[in-house]
Amino acid sequence: QVAMYEHMATLFGGPPNDAHLRLYARWAEAGWGMVCTGNVQVCGDHLTLGRDMVVPSRLTPGTVEPYARLARAIHHGNPDALTGEEAPPKTFAIMQLSHPGRQSINIMGGRWPFVPPLAPSALPVGRSAANDEGTVSALLSRLMHTVFFQTPRAMSSTDIKSVVGSFVKGAELAVASGFDGVQLHAAHGCE
């Protein structure tokens, strides 16, 4: 099963909740060999639509436990799976780690209003030279992208090191919570 975006965490991001456990257990129950979570954002101030799972700022037994419950739900196809589940895991649990960069939406993206997201370059979302420039759909697209996405701030070397460290912390969360691996989300919005 490929990674999804479930949009079910608390507003402005948080850990997996009971809805996640039921959803992912149901997918695992269907017999998939591997289930990959949707975006688990490595930085709480860079969300996609505001209801993402987020790597906690500090890894403690309490902050790791919701993710451990999610890993167990995936492993056993059971949202109520306990630590000592007698059967071996039937489904591999993979945590997708993500940083949306320029695709972190205004306001719901976890930053104060008018604070631009960090991205590899200052190229804004949806503002490329298209063949249909000047058409109504191009103008509507430009308006929507302008309203929802700010021009990002190009990352400095320090910003890059910080985000790399956040991905490392995300991998540490995956290990601590019993996931079998991580998937690094490196798709759209990375220009």
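Being a predicted model, the structure only gives us computed values, none of them experimental.

J.: Tell me about the overall build of the protein chain, and please be specific about residues and values.
T.: Helix and strand content of the protein chain: 4 helices and 6 strands. Ordered by position from N to C terminus, the α and β elements of the protein chain give α-β-β-α-β-β-α-β-α-β. Its C-alpha radius of gyration of 18 Å places the protein chain within 12% of the 16 Å reference for a compact globule of 191 residues. With the principal axes as the frame, the protein chain shows a C-alpha extent of 60 × 35 × 25 Å. Contacts in the protein chain between residues far apart in sequence, at least 24 positions, make up 74% of those at least 6 positions apart. As presented, the protein chain carries roughly 10,100 Å² of accessible surface, and 63% of it is formed by carbon and sulfur atoms. Taking the average place of the 14 positive charges on the side chains of the protein chain and the average place of its 15 negative ones, the gap between the two points comes to 6 Å.

J.: Talk me through the side chain of threonine 91; I want residue IDs and the actual numbers.
T.: When you line up the elements, threonine 91 lands in the loop between α2 (61–76) and β3 (92–98). Among the polar contacts made by the side chain of threonine 91, one reaches the main-chain carbonyl oxygen of tryptophan 32 at a distance of 3.0 Å. Setting aside residues no more than four positions away along its own chain, threonine 91 makes contact with Ala28, Trp32, Gly33, Met34, Val35, Ile74, His75 and Asp180.

J.: Explain α2 to me, and be specific about the residues and the numbers.
T.: With 16 residues, α2 ought to run about 22 Å at 1.5 Å a step, and its terminal C-alpha atoms sit 21 Å apart, in line with that. Among all positions in α2, only Val64, Pro66, Tyr67, Ala68, Leu70, Ala71, Arg72, Ala73, Ile74, His75 and His76 are buried. At the exit of α2 stands glycine 77, carrying a positive phi of roughly 60°.

J.: Explain helix α4 (residues 157–176) to me, and be specific about the residues and the numbers.
T.: Helix length check: α4 (20 residues) gives 29 Å between terminal C-alpha atoms against 28 Å at 1.5 Å per residue, within 8%. What α4 keeps buried is the set Asp159, Val163, Ser166, Phe167, Gly170, Leu173 and Ala174. All buried residues of α4 fall inside an arc of 110° around its axis, so they share one side. Residues of α4 that are exposed and point more than 90 degrees away from the buried face comprise Ser157, Thr158, Lys161 and Val175. In this fold, the buried residues of α4 make contact with α2, β3, β4 (118–119), β5 (153–154) and β6 (181–184).

J.: With reference to specific residues and values, describe the pattern of salt bridges.
T.: Where charged atoms from two side chains of opposite charge approach closely, those side chains can pair. Under the criterion given, the structure shown has 3 salt bridges. Aspartate 18 is the salt-bridge partner of arginine 69, the closest N and O atoms lying 3.2 Å from each other. Taken together, the residues span a long stretch of sequence, with arginine 69 in helix α2 and aspartate 18 in helix α1 (residues 18–29) at a distance of 51 residues. For aspartate 18, a relative accessible area of 44% translates into the label partly exposed. Between arginine 72 and glutamate 65 there is a salt bridge; the shortest N-O distance is 2.8 Å.

J.: So, the nonpolar core: which residues are in play, and what are the values?
T.: Ranked by internal contacts, the top residues of the largest apolar core, which has 26 residues, are Val40, Leu70, Ile74, Met95, Leu97 and Phe179. Looking at this core, the elements that each hand over two or more residues are α1, β1 (34–41), α2, β3 and α4. When residues in this core are grouped by element, the largest group, 6 residues, is from α2. Other than its neighbours up to four places away in sequence, methionine 95 contacts Thr37, Val40, Tyr67, Gly170, Leu173, Ala174, Ser177, Phe179, Gly181, Val182 and Gln183.

J.: Account for the pairing of β1, naming residues and giving values.
T.: Across the 8 residues that make up β1, a large majority, 7, are buried. Strand direction decides the pairing type here: β1 and β3, joined by 6 bridges, are parallel. Of the residues in β3, the one forming a bridge with methionine 34 is phenylalanine 92. Two strands pair when backbone bridges link them, and β1 and strand β2 (residues 53–54) are joined in this way by 2 bridges, in the parallel orientation. Bridge pairing links glutamine 41 to valine 54 in β2.

Calculation rules
- Numbering of residues starts from 1 in every chain and runs along the sequence as written.
- Given that the model is predicted, a residue must reach a pLDDT of at least 70 before its local features are reported, and side-chain atom pairs must reach 80 or more before they are shown or counted; all residues, however, enter totals for whole chains, interfaces and linings.
- Only heavy atoms go into the side-chain values, all of them from the structure, while hydrogens and water stay out.
- Only DSSP runs of H or I covering at least 4 residues are called helices, and only runs of E covering at least 2 are called strands; the numbering of each starts at the N terminus.
- The quantity called the radius of gyration is restricted to C-alpha atoms. Its globule counterpart is 2.2 Å times the number of residues to the power 0.38.
- The criterion used for residue contact is that any of the two residues' heavy atoms lie within 4.5 Å.
- Using a 1.4 Å probe, the Shrake-Rupley method yields the accessible areas, and only the shown protein chains count as cover for residues.
- Within this scheme the basic residues Lys and Arg register as positive and the acidic residues Asp and Glu register as negative, but His and the chain ends are omitted.
- Charge coordinates come from a single atom per side chain, which is NZ of Lys, CZ of Arg, CG of Asp or CD of Glu.
- Counted as a polar contact is a pair of N or O atoms within 3.5 Å, where, for protein atoms, one must be capable of donating a hydrogen and the other of accepting one, and residues adjacent in sequence contribute only when both atoms are in side chains.
- Take the residue count of a helix, subtract one, and multiply by 1.5 Å to get its expected span.
- Residue exposure (1.4 Å probe, protein chains only): buried if accessible area is under 20% of the type maximum, exposed if over 50%, otherwise partly exposed.
- This arc is taken over the directions from the axis of the helix to the C-beta atoms.
- The term salt bridge refers to a side-chain nitrogen of Lys or Arg lying within 4 Å of a carboxyl oxygen of Asp or Glu.
- Put simply, buried Ala, Val, Leu, Ile, Met, Phe, Trp, Tyr and Cys residues joined by side-chain atoms within 4.5 Å make one nonpolar core.
- Strand pairing follows a simple DSSP-based rule, namely that at least 2 bridges must link the two strands.

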